[in-house]
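An overview of the molecular structure
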Amino acid sequence: MILTSVDPIKLMAVLPQFRQALSGSPLAERVLMLVTTEIPEGDLMRLSTDRLHHRQAIDLCCSFGFGILDRDPKAWFTWDGQNVACGMEPSVIIHEVAHYQCAAPYRRTLPDFGLGAGPETGVGTAAANAVRVVTGADADVEEGLSSLLGILWEAELGQPAILAFLEQNWLEGGVDVRNVAHFVKMVATLEQLGLIDQSGHPTRGLRDVDDAPFFDRYFS
Amino acid sequence: MSVHDRIESLKTKHAALETAIERESRRPLPDGDQLRSMKWQKLRIKDELTSIDPMLRH
């Protein structure tokens, strides 16, 4: 996945404002701090393709019991229910771990977690879409949770998490009250699910709540 | 509009959306885009409500 580079000047302008807007939500502030610990130089503002980062991402997958397929997901699924296709950037591989943790238990063994084909999935697209059971706003929520959790895993591994944070549009809404409320709620939900600890670090937990009660509560 | 009136107005909108979501969800072929939009609207209203009165969070 080739991504547009991010304007570091814009980033430096919005970050302090976003941090300020989170005052009153200590855990969200802490999460932002973890995500922004390492900010690469301007010309390095692209998702890492570093071989060490790739190795770390695969090791993380293995630690969760994933099978590893040394192939491009375009020739398969991103996640086939048991294996991850690792021909992707480290950030994207780590994102799959976060999806695994955020999915309802019964969906961990479905292609692309029952969310429909992910953007990297190729020939498995029809099969992944055929088992899609979570759609619309519910899928938006799970994508958001997985995005943030994956970003926190990157930070945990010492990788430049800020890049995925920007690429996945967490700061796109700036300090708009809705954007800030969305971030705070996502952080709180990860903590309630036991997927991050009280310091904002990712845990090895797995969501144990089924879809209906989880999404009903989220949108209550 | 007083704070009390604002809260009541938001609660009314929240309840109306909840009813509309339930009704749409029960249709044989629910409109996914509409459901998505209504759910996010409802959440934003809840966010606004709890920003006015944190006691309404739960």
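Residues numbered from 1 in each chain as written. Chains lettered and ligands numbered in written order. Predicted model: local features only at pLDDT ≥ 70, side-chain atom pairs only at ≥ 80, totals over all residues.

**A closer look at the overall build of chain A**
In terms of regular secondary structure, chain A is built from nine helices and two strands. Going from N to C terminus, chain A has its helices and strands arranged as α-α-α-β-β-α-α-α-α-α-α. Computed over its C-alpha atoms, the radius of gyration of chain A comes to 17 Å, within 12% of the 17 Å expected for a compact globule of 220 residues. With the C-alpha coordinates aligned to their principal axes, the bounding extent of chain A is approximately 45 × 40 × 25 Å. The buried share of chain A, taken over its 220 residues, is 44%. Sequence-distant contacts, at least 24 apart, represent 65% of the contacts inside chain A between residues at least 6 apart. (Helix = DSSP H or I, 4+ residues; strand = E, 2+ residues; numbered from the N terminus. Rg over C-alpha atoms; globule rule 2.2 N^0.38 Å. Buried ≥ 20, exposed ≤ 12 C-beta atoms within 10 Å, placed from the backbone. Contact = placed C-beta atoms within 7 Å.)

**What about helix H2 (residues 32-52) of chain B?**
An ideal rise of 1.5 Å per residue puts 30 Å on 21 residues; H2(B) measures up with 30 Å between its terminal C-alpha atoms. Of the positions making up H2(B), those classed as buried are Met38(B), Lys39(B), Lys42(B), Leu43(B), Ile45(B) and Lys46(B). One face of H2(B) carries all of its buried residues, which in axial projection span an arc of 160°. Residues of H2(B) that are exposed and point more than 90 degrees away from the buried face comprise Asp33(B) and Ser51(B). The inward-facing, buried residues of H2(B) abut helix H6 (136-156) of chain A together with helix H1 (3-26) of chain B. (Expected span 1.5 Å × (residues − 1). Arc of directions from axis to C-beta.)

**Comments concerning the packing of H1(B) against H2(B)**
When two helices pack together, you describe them by how their axes are tilted relative to each other and by the distance separating the axes. All names here are of chain B. Put simply, H1 and H2 touch, their axes get as near as 9 Å, and they point 155° apart. The orientation of H1 relative to H2 falls into the category roughly antiparallel. Every pair of crossing elements has a handedness; the one defined by H1 and H2 is left-handed. Each residue belonging to the contact of H1 with H2 can be placed in one class, and the counts come to eleven nonpolar, four polar and nine charged. (Axes fitted to C-alpha atoms, helices over the stretch in contact; angles between N-to-C directions. Parallel < 35°, antiparallel > 145°, perpendicular 65-115°, else oblique. Left-handed = near helix turned anticlockwise from the far one by under 90°. Nonpolar A, V, L, I, M, F, W, Y, C, P; charged D, E, K, R; others polar.)

**Considerations on the environment of Gln198(A)**
Residues and elements named next belong to chain A. Tracing the chain through its elements places Gln-198 in the loop between helix H8 (177-192) and helix H9 (211-218). Owing to 9 C-beta atoms within 10 Å, Gln-198 belongs among the exposed residues under this scheme. A sequence separation of 51 residues divides Gln-198 from Ser-147, and the C-alpha atoms of the two residues are 19 Å apart. Residues contacting Gln-198, with those up to four places away along its chain left out, are Leu-27 and Glu-191.

**Focus: the nonpolar core**
Ranked by size, the top nonpolar core spans 59 residues in total, and within it Val35(A), Ile93(A), Leu149(A), Ile151(A), Leu152(A), Phe165(A) and Leu190(A) carry the most contacts. The biggest single contributor to this core is H6(A), with nine residues. (Core = buried A, V, L, I, M, F, W, Y, C linked by C-beta atoms within 7 Å.)

**Focus: H8(A)**
Residue and element names in this part refer to chain A. End to end, H8 covers 22 Å across 16 residues, agreeing with the expected 22 Å (1.5 Å per residue, within 8%). Every buried residue belonging to H8 is among Val-180, Phe-183, Lys-185, Met-186, Val-187, Thr-189 and Leu-190, and all of these are buried. Two residues or fewer past H8, Gly-194 is found with a positive phi of approximately 75°.

**Examining the confidence of the model for chain B**
When the pLDDT values of chain B are averaged, the result is 90; 95% of them are 70 or greater. Per the prediction output, this complex has pTM 0.91; the corresponding ipTM is 0.80. (pLDDT = per-residue confidence, 0-100.)

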